[in-house]
Amino acid sequence: MAVAAMYMHARQLTRCPTRFSCRRALSVSAPALGLKVLFFGSDEFADRVLRELDGNRTGTQPCIEHMEVVCPQSNYYMKREKKVYTYQSPVHKFALKKGLNVHHPLPGSMSSWMIPLIDGGNIPGQFDIGIVASFGRFLPSRIINGFKKGMINVHPSLLPKYRGPSPIQTAILNGDPTSGVTIQEIHPSVIDGGKVLAQVPYPIPETAPYGQLVDEMGTLGGQLTVKVLRDLENIRGKSIEQDESQVSHTRMFDREDSVIVWERMTAEDIFRVHRTFYQKEPVHTCMRIKNKVKWVQFLELSVAPEKTPPINAQFLDFPPGSVFYQKKVPYVEISCLGGGRIHATRFRVSGKAERDPFQFIAGYVKAWKDKRMITRPINTKHLTPPFAYPEGYVKPTSYTDAYKNVDRKLQYCAALATKRLLHDAGYSLASESSADDDDDDD
């Protein structure tokens, strides 16, 4: 998409009051509504949304009068070890810090769960609205209809794109330049299939890790939720059904998704996997040292800059996964499919202590004749099999070929245009209230 087309697309979306928030539609100040809110959430994204809602509750012009929290149960029994472990989700920790009442539904289905009384019955009436963000449980119609104003959901994608449990991770892995946040009604039978109340775009920084996106999109989602609450009935009257022809789904990821597949991954692909999973499961691969195969985790890596010449000028003659190093160079360079290279600066081998490049080279690479990473463990009784290139693959003739398909200028201009729109609509990716809370945590 051309830069001009991307900018116009973003402007059109912002002008639509039923889809994207703007000053005209959602930024109008409204009198205090005195809402009693029950918040459902668990992870870091939900924590950021909750911080924004709590900032409104304690602010100068609140629309939220009272708020309580529902999050997963804290105690987990490990049958094999016969021990009970206590776990507090980010939402639970923040709620306790702010003195919010916390409710824990039993593990499993929510079909028998009952909406609690406000403040244990000390406040008359019932909750006005339920707000859900990354809760991870299906909510039946009985619970949805138990709130005066129903329930709304904060979802970190531009629905109907990326329904499901991992929209942020999927956007990074697919190399999307832009994502967004959606406020939708809770559908009684289709997960993330409710009517869209409001959406706002979010430009994905080119090198930002998953944690940064969670913080910024969660903050953005919380701000958008407050704007929706101030004019909920009017916005509901302009809500739209999702286009089922445009639906795409996400899935749960596991350890296998962070394995480097040298036979099909470019340097950009590997870096996206690193950005997505580095906090929980660093990207990893195998290497053979004599008659042993060891797993190697890359704790820190980056794509080699285009202007940085390769350590070995003939690296294109070597298969992807080949390792190159040079004395006093503070990284290990590894060749990738398509002529790209990654620079790794922190390692962990087979669960041992972290290593810097010099320790890694001295301890492992110098004793390694075939200096090539491999995707899967092999039978060490035989020679390492030759690299299997994809069918129809054409080897690049220059290391600069790897950068031809990456238009950095286009990505930058598109992100800049979206940031301007967010600023004009009154949004901030890092709220002052959240920053103050982070300082308190330290």
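Structure shown above.
Residues numbered from 1 in each chain as written. Predicted model: local features only at pLDDT ≥ 70, side-chain atom pairs only at ≥ 80, totals over all residues. Heavy atoms only, no water.

A look at the packing of aromatic side chains
In step 1: Considering all chains together, one arrives at ten aromatic pairs under this definition.
In step 2: Of the aromatic side chains, those joined through ring pairs into one cluster are Phe 40, Trp 113, Phe 135 and Phe 147.
In step 3: The lysine or arginine in question, Arg 255, covers the ring of Trp 295, its NZ or CZ lying 5.7 Å from the ring centre.
In step 4: Across from the ring centre of Phe 315, 5.8 Å away, lies the NZ or CZ of Arg 341, which sits over that ring. (Phe/Tyr/Trp six-rings, centres within 6.5 Å; stacked < 30°, edge-to-face > 60°. Lys NZ or Arg CZ within 6 Å of the ring centre and 35° of its normal.)

Quick word on helix H3 (residues 44–57)
In step 1: Counted at 1.5 Å a residue, the expected span for H3 with its 14 residues is 20 Å, and the 20 Å between its end C-alpha atoms agrees.
In step 2: Of all 14 residues in H3, eleven are buried; the element is thus mostly enclosed.
In step 3: Residues of H3 that are buried: Phe 45, Ala 46, Asp 47, Arg 48, Val 49, Leu 50, Arg 51, Glu 52, Leu 53, Asp 54 and Asn 56.
In step 4: N-capping of H3 is provided by Asp 43, with a side-chain oxygen placed 3.2 Å from the backbone N of Phe 45. (Helix = DSSP H or I, 4+ residues; strand = E, 2+ residues; numbered from the N terminus. Expected span 1.5 Å × (residues − 1). Buried < 20%, exposed > 50% of the residue type's maximum accessible area, 1.4 Å probe, protein only. Polar contact = N/O pair within 3.5 Å; in protein donor to acceptor, adjacent residues only side chain to side chain.)

Details of the packing of H3 against helix H4 (residues 90–97)
In step 1: For the pair H3 and H4, the least separation of the axes is 8 Å and the interaxial angle reads 25°. As far as their axial angle goes, H4 and H3 are roughly parallel. Residue-level contacts link Glu 44, Ala 46, Asp 47, Leu 50, Arg 51 and Asp 54 of H3 to Pro 90, Val 91 and Phe 94 of H4.
In step 2: Looking at the contact of H3 with H4 residue by residue, the class counts come to five nonpolar, no polar and four charged. (Axes fitted to C-alpha atoms, helices over the stretch in contact; angles between N-to-C directions. Parallel < 35°, antiparallel > 145°, perpendicular 65-115°, else oblique. Contact = heavy atoms within 4.5 Å. Nonpolar A, V, L, I, M, F, W, Y, C, P; charged D, E, K, R; others polar.)

Here's the deal with the sheet that holds strand E1 (residues 35–41)
In step 1: Reading across the sheet, the seven strands line up as E5-E2-E1-E6-E7-E8-E9 and stay open at both edges, with mixed pairing between neighbours. Looking at the sheet topology across the chains shown, the edges are occupied by strand E5 (102–103) and strand E9 (196–203).
In step 2: In this structure, E1 lies alongside strand E6 (residues 129–133), joined through five bridges in parallel fashion. Along E6, the bridge assignment pairs Val 37 with Ile 129. (Pairing = 2+ DSSP bridges.)

Observations regarding helix H9 (residues 267–277)
In step 1: By the criterion of burial, H9 is predominantly enclosed, with nine of the eleven residues buried.
In step 2: Of the residues making up H9, those classed as buried are Ala 267, Glu 268, Ile 270, Phe 271, Val 273, His 274, Arg 275, Thr 276 and Phe 277.

Some remarks on empty space enclosed by the protein
In this approach a probe as big as a water molecule rolls over the atoms, and the regions it shows empty are the leftover space.
In step 1: Inspection of every chain in the model, using the stated rule, returns two cavities of 30 Å³ or more.
In step 2: Within this model, the largest cavity holds a volume of roughly 90 Å³.
In step 3: Leu 316, Phe 318, Cys 336, Gly 339 and Tyr 393 are, among the 14 residues lining the largest cavity, the residues nearest its centre.
In step 4: Of the residues belonging to the lining of the largest cavity, the class tally is ten nonpolar, three polar and one charged. (1 Å grid on protein atoms, 1.4 Å probe; cavity = no way out; pocket = protein on both sides within 12 Å on 5 of 7 lines; lining within 4 Å. Points joined across faces, edges and corners; volume = space filled by probe spheres on them.)

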